[in-house]
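Observations on the three-dimensional arrangement
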Protein chains: 2
Amino acid sequence: MGEQIIKIGLVGFGTVGSGVAKIILESADAIAAKTGLRLKLACVVDTDTKTARPVKLPKGILTNDLDKLLKDDSIQIGIELVGGTKIAKQIQLKMLRAGKDVVTANKALLAEYGGELYKVAHENKRCIAFEASCAGGIPIVSGLRTGLAANNIAGIYGIVNGTCNYILSNMTSKNEDFSAALKKAQKLGYAEANPSLDINGGDSAHKLAILASIAFGCETALEDISVEGIEEISKEDIRYGGEMGYVLKLLAIGQKDDKGRISLRVHPSFISKDNSLARVNGPFNAVTVFGDAVGQVTYYGRGAGMMPTASAVVADIIDVALGNSATTFRHLNLKSRSETKRLIEKIGDSVSRFYIKVMCKDKPSVLAKIAKILGDNQISISGTLQHEGAGPDNTVPVVIATHLTRQKNVSAAVKELKKLDVVGAKPVCIRIVDIPEDKD
Amino acid sequence: MGEQIIKIGLVGFGTVGSGVAKIILESADAIAAKTGLRLKLACVVDTDTKTARPVKLPKGILTNDLDKLLKDDSIQIGIELVGGTKIAKQIQLKMLRAGKDVVTANKALLAEYGGELYKVAHENKRCIAFEASCAGGIPIVSGLRTGLAANNIAGIYGIVNGTCNYILSNMTSKNEDFSAALKKAQKLGYAEANPSLDINGGDSAHKLAILASIAFGCETALEDISVEGIEEISKEDIRYGGEMGYVLKLLAIGQKDDKGRISLRVHPSFISKDNSLARVNGPFNAVTVFGDAVGQVTYYGRGAGMMPTASAVVADIIDVALGNSATTFRHLNLKSRSETKRLIEKIGDSVSRFYIKVMCKDKPSVLAKIAKILGDNQISISGTLQHEGAGPDNTVPVVIATHLTRQKNVSAAVKELKKLDVVGAKPVCIRIVDIPEDKD
């Protein structure tokens, strides 16, 4: 079989863009041998055409003029790796309208404007491929779309932000403060200079919006997702939770119940130290999916970085070039926003177990007062932990683990706890998530 | 978009066949909603049309006449779930020649006659899809083919036989003998009445032949794979290895070095207790893949069973119906047998660390004699373990862990060790496999 030449235009020559160029230039022979497709980098567009990159491009293909890509009809596939939502959106729209299929790693853009972009793609009989947008090199998007396509998905539990996982891993294993762990992550390149979108859970929410839309077959939006970050996590809470058998992770959670109701949340989560996600450390990602036929499937790998993300981008290029992405994209029927909205569970109604820490003055009947407030709010206690000796403000931490309870009951209880004269700092509430284990 | 009707003929109405029928019958609406494809079970062929199955078929579709499937031109996809290599091969050939695409879980058939079947498929412009043939519900075939397509794969390390993993897990955690653990596995349905193909490593070798062909892009055959089973593993060896920090697993290993040389082996393997594969217990499967761009990716899930395997079969049906399997299949360029053969490393040349146990009479200078034989064969010792007190025949176990050494040197050394008058039973050799860990 003869080789088929696939011409590619790349927009955004940053870290991931350099990785993509590197694979296309260095692995073209190997990819051609395996697939019969010869990938050719025809054009690389970036506003900065001066700074040296870790890959040497063929002469004359680096430009700051997007039109060179748009007007070259021999270019079939446009890769958008600019990031952000404004310029990137315009670039994707222009590429689709110019008849190019689009490959992107831009989770923020898809989470916010996916519906609009998909519509334009369909109108122009083009496709958008986005394996690299979720969990970097881990092929979770194709896993959900094809490998697990026969399943009714009941749950997704993902560690999908390497920055947060690196910080929490260090706070856990090295007893570091949040700010020290964050500084280290920045020094090592695991966190941006402005890390807010990572640590406030926003990045995880972008990825969850994309994964949930495929897993549950509905057009999800960011507004459907309840988001809490890790900014207020203290190493003491990680330690107390650890003493109760839990490890703290920032989880992106999507659940669908028997009635089709969907719960989408990103929040710090205490999970059993025996769960496989508890052992995912440093900048790694992992996603556990539960399907009605397959049971549990867990994917583990690098969720970010130059080459892992480039691996996913180039996988998409191959899939688009083969025509498979177009077919899958065309056949991906998502429930509309209005239908989806009705299915989304309000966060106040969500049911979870909770870790509650109350800093109490060491006085008689403190525990009784706390227990009464919890009981009055229909919250049942599954365990408590109280160390001897006083902490700051002469208070001692009283830690309570609850049975399953509604979020709104806990919010109401915390409000009352704060008013107690024996309670010092603001109570801390962290969800305990019992990820089902598929066991025999 | 209107629904597209996909008519399916199923051959083999056993456990997995029943699972496939169940998904097609019960999840047709959900699959149609997600993909636009309405799967219709048109025909189920089995020699036994009497025995009750755990799924109720529509009237009139169960038959013992394969021609009903072959001659119905409205049936596009034929599923072969008969198993074995004789009749199954004829069925697949007939279906391909009758113009049906084929979906199968038959690893033995593909490992032995894959080349021949693929040729007939290409001649008839049909495809063969076989996600279910490896690691049951885990989408590892599509993962290697599409998700990791941009990578040069350097290694695959898989626990791909649930029977062996169940037996070894029980020998490890419950200190059971091999025969007791096997009996329990049979009682629970994790092992067949005749378990030999599982415990002798043959089943793992079938799966490795398939995975390696995709990962390394070459036509592999069973003769390329060196195979050892778990029949001679004793709980004592598992315990001594455990004391040295290792867990015993039956691994299917495919490695490619920088020069393109390929090593394919199935054997009991001591791996570090900290490696993620060490924590894969009971009937579960997991596969770790190393790609040059993506680094480490690990897949975990159920490797067998009615519904997990059916999940993979139906995923293939959907992929075939979308036309994606045909494209991928057509573009899968494998190096020919003659080219592949030259690349395969001889097992004697393979380099590994080793666990060597020698039962010695408790006499002076025993260790010196053993050490001399190892040294004479260029085998360097990395650790030893000797407990006090005598075992059977008044011998004591001396356990030695070696540095990297060639298989043939170890074989030569063992031959000499056997001749020593101070050595009792036959020495035990088990490979220690240092699976690379992708860490920062």
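Residue positions are given per chain, counted from 1 along the sequence in the order it is written. The naming scheme follows written order: chains are lettered A onward, ligands numbered 1 onward. In keeping with the model being predicted, local features are shown solely for residues with a pLDDT of at least 70 and side-chain atom pairs are shown and tallied solely at 80 or more, while totals for entire chains, interfaces and linings include all residues.

Thoughts on the overall build of chain A
To keep things clear, this is the line we draw: Helix numbers and strand numbers start at the N terminus; a helix is a DSSP run of H or I with at least 4 residues, a strand a run of E with at least 2. For the radius of gyration, the atoms used are the C-alpha atoms, and the globule rule reads 2.2 Å times the number of residues raised to 0.38. A pair of residues counts as a contact when their C-beta atoms, built from backbone coordinates, are separated by no more than 7 Å.
Along the backbone of chain A there are 16 helices and 17 strands. Taken over C-alpha atoms, the radius of gyration comes to 24 Å for chain A, in line with the 22 Å a tight globule of 440 residues would show. With the C-alpha coordinates aligned to their principal axes, the bounding extent of chain A is approximately 80 × 45 × 40 Å. Across chain A, the fraction of contacts at a sequence separation of at least 24, relative to all contacts at a separation of at least 6, is 75%.

Some remarks on the interface of chain A and chain B
So the rule is basically this: Residues were grouped as follows: Ala, Val, Leu, Ile, Met, Phe, Trp, Tyr, Cys and Pro as nonpolar; Asp, Glu, Lys and Arg as charged; and all remaining residues, including Gly, as polar.
With 51 residues of chain A at the interface, the matching set in chain B holds 52 residues. Mapped onto the side of chain A that touches chain B, the elements with two or more residues apiece are helix H2 (28–35), helix H6 (140–147), strand E12 (295–302), helix H12 (306–322) and helix H13 (324–331) of chain A. In terms of residue count, the dominant contributor to the side of chain A that touches chain B is H12(A) (nine residues). Partitioned by chemical class, the residues of the side of chain A that touches chain B number 22 nonpolar, 25 polar and four charged.

Concerning the confidence of the model for chain A
Low pLDDT means the predicted atomic positions in that stretch should not be read closely. So the rule is basically this: pLDDT runs from 0 to 100 and stands for how confident the predictor is about each residue.
Mean pLDDT for chain A: 94, with 99% of residues reaching 70 or above. Overall fold confidence (pTM) sits at 0.95, and the ipTM for the predicted complex is 0.93.

What about the sheet that holds strand E3 (residues 62–63) of chain A?
Residue and element names in this part refer to chain A. Test applied: We treat two strands as partners when DSSP finds at least two bridges between them.
Read from one edge to the other, the open sheet built from six strands follows the order E3-E2-E1-E4-E5-E6, with strand pairing classed as parallel. At either end of the open sheet lies a strand with only one pairing partner, and these are E3 and strand E6 (128–129). In terms of strand pairing, strand E4 (residues 77–80) meets strand E5 (residues 101–104) through four bridges, oriented parallel. Bridging across to E5, Glu80 finds its partner in Thr104.

Looking at the sheet that holds strand E6 (residues 128–129) of chain B
All names here are of chain B. Spatial strand order, E3-E2-E1-E4-E5-E6: six strands in an open sheet with parallel pairing. The sheet terminates laterally at strand E3 (62–63) and E6, the two strands that pair on one side only. Pairing analysis gives four bridges linking strand E4 (residues 75–80) to strand E5 (residues 101–104), with the strands arranged parallel. Within E5, the residue paired with Ile79 across the bridge is Val103.

Focus: the relation of the copies chain A and chain B
Between the two copies of the chain lies a relationship made up of a rotation around an axis and a movement along it. Note the following rule: The least-squares superposition of copies is restricted to C-alpha atoms, and to residues with a pLDDT of at least 70 in both copies.
Overlaying chain A with chain B gives an RMSD of 0.0 Å, the required rotation being 180° about an axis along which the chain moves by 0.0 Å. Those values place the two copies in the arrangement expected of a two-fold rotation axis. When the interface residues of chain A are mapped onto chain B, 100% of them are again interface residues, pointing to one common binding face.

Quick word on the nonpolar core
Filter applied, for reference: Throughout this description, the term nonpolar core refers to a group of buried Ala, Val, Leu, Ile, Met, Phe, Trp, Tyr and Cys residues whose C-beta atoms join them within 7 Å. In this scheme every C-beta is placed from the backbone, and a residue whose C-beta has 20 or more other C-beta atoms within 10 Å is buried, one with 12 or fewer is exposed, and one in between is partly exposed.
Of all hydrophobic cores here, the largest spans 282 residues; its most connected members are A:Val20, A:Val313, B:Leu10, B:Val20 and B:Val313. For B:Val313, the residues in contact, after removing those within four places along its chain, are B:Val16, B:Val20, B:Ile79, B:Val103, B:Ala105 and B:Ala132.

Considering the domain arrangement of chain A
Interfaces are often sized by the amount of accessible area the parts lose when they come together. Note the threshold: Domains are outlined according to an automatic or database domain assignment.
We note that the domain assignment places domain 1 (4–129), domain 2 (140–304 + 338–345) and domain 3 (349–432) within chain A. Distance between the C-alpha centres of domain 1 of chain A and domain 3 of chain A: 52 Å.

Details of the packing of helix H1 (residues 15–26) of chain B against helix H12 (residues 306–322) of chain B
Residue and element names in this part refer to chain B. Definition in use: Note on method: axes are straight lines fitted to C-alpha atoms, helices fitted across the in-contact stretch only, with angles between N-to-C directions ranging 0 to 180 degrees. The cut-offs work like this: below 35 degrees is roughly parallel, past 145 is roughly antiparallel, 65 to 115 is roughly perpendicular, and the gaps in between are oblique. Crossing handedness is read from the near helix: turned anticlockwise from the far helix by less than a right angle, it gives a left-handed crossing, and turned clockwise, a right-handed one.
Where H1 meets H12, the axes come as close as 8 Å, and the angle between the chain directions of the two elements is 60°. Viewed along their axes, H1 and H12 adopt a mutual orientation that is oblique. At the point where H1 passes H12, the crossing takes the right-handed sense. Seen from H1, the contacting residues are Thr15, Val16, Ser18, Gly19, Val20, Lys22, Ile23 and Ile24; seen from H12, they are Met306, Met307, Thr309, Ala310, Val313 and Val314.

Overview of H2(A)
The line we're drawing: In this description, the arc belongs to the directions extending from the helix axis to the C-beta atoms.
When we look at burial in H2(A), the residues that qualify are A:Ile31, A:Lys34 and A:Thr35. Summarising the axial view, the buried residues of H2(A) lie within an arc of 75°, below the 170-degree limit, and thus occupy one face. At its buried positions, H2(A) is contacted by strand E2 (37–45) and H12 of chain A together with helix H13 (324–331) of chain B.

Focus: the pairing of strand E2 (residues 37–45) of chain B
In regular strands, side chains alternate between the two faces of the sheet. Two elements, strand E1 (residues 4–11) of chain B and E2(B), share eight bridges in a ladder whose sense is parallel. Residue B:Ile5 lies in a different strand from E2(B), and its bridge partner there is B:Arg38.

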